[in-house]
Amino acid sequence: MSPEEKKKYKVFLIEDEPAIVDLYRSAFEREGFEIESVYTGKDALSQIEAFKDGREERPDVIVADILLPDVSGLEILKEIRRSKEFDSVPVIMLTNYGTREIKETIQDTPNARHVLKMDTSPVLFVKEVWGIVQTKTA
């Protein structure tokens, strides 16, 4: 499928490192995805409220770091899963933290995945997200 056809898919990225945001933004946009990003958990929660009440178009996939400067990515994940509006929206926790407890928490959360940053690259990660949205819309 061409990048133009992928353009309809929106990714919401929650990541506090500007360099990482730039890398992933570039990789997603190169493949035709629309990407919106925030740098803090507080801004993420605010944006999630905007998605919930229809002020903003809901994303097809949410990608979040766990360690953020103010609100944990795991708290954001819990907030997302409290809302039925997000039941069908996959959440990928893209992080460098891989403790057993964190992995189990994410595994026990519906429609959520854990991906270690060190085990992927922006290009490979975009391919993984593409597979997720293809499965979701099939």
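Predicted, not measured: the structure shown is a model, and the values here were computed from it. (Residues numbered from 1 in each chain as written. Predicted model: local features only at pLDDT ≥ 70, side-chain atom pairs only at ≥ 80, totals over all residues. Heavy atoms only, no water.)

Some remarks on the packing of aromatic side chains
Per the counting criterion, the structure on display carries seven aromatic pairs. Here Tyr9 and Trp130 contribute two aromatic rings whose centre-to-centre distance is 5.6 Å and whose plane-to-plane angle is 70 degrees, an arrangement assigned as edge-to-face. Taken together, the residues Tyr9 in the loop between helix H1 (3-6) and strand S1 (10-14) and Trp130 in helix H6 (residues 122-137) connect sequence positions 121 residues apart. With a centroid separation of 6.2 Å and an interplanar angle of 85 degrees, the aromatic rings of Phe28 and Phe125 are classed as edge-to-face. Of the two residues, Phe28 sits in helix H2 (residues 18-30) while Phe125 sits in helix H6, which places them 97 residues apart along the sequence. Accessibility classification places Phe28 together with Phe125 in one group, the buried group. An aromatic cluster of three or more residues is present, and its members are Tyr9, Tyr24, Phe28, Phe33, Phe125 and Trp130. A cation over a ring is seen here: Arg58 above Phe86, with NZ or CZ 5.7 Å from the ring centre. (Phe/Tyr/Trp six-rings, centres within 6.5 Å; stacked < 30°, edge-to-face > 60°. Helix = DSSP H or I, 4+ residues; strand = E, 2+ residues; numbered from the N terminus. Buried < 20%, exposed > 50% of the residue type's maximum accessible area, 1.4 Å probe, protein only. Lys NZ or Arg CZ within 6 Å of the ring centre and 35° of its normal.)

Comments concerning helix H4 (residues 73-81)
When we look at burial in H4, the residues that qualify are Gly73, Leu74, Ile76, Leu77, Ile80 and Arg81. The buried residues of H4 occupy an angular sector of 155 degrees when projected down its axis, which confines them to one face. Those residues of H4 hidden inside the fold are in contact with S1, helix H3 (41-52), strand S3 (61-64), strand S4 (91-95), helix H5 (100-107) and strand S5 (112-116). Sitting at the amino-terminal end of H4 is Ser72, which places a side-chain oxygen 2.9 Å from the backbone nitrogen of Leu74. (Arc of directions from axis to C-beta. Contact = heavy atoms within 4.5 Å. Polar contact = N/O pair within 3.5 Å; in protein donor to acceptor, adjacent residues only side chain to side chain.)

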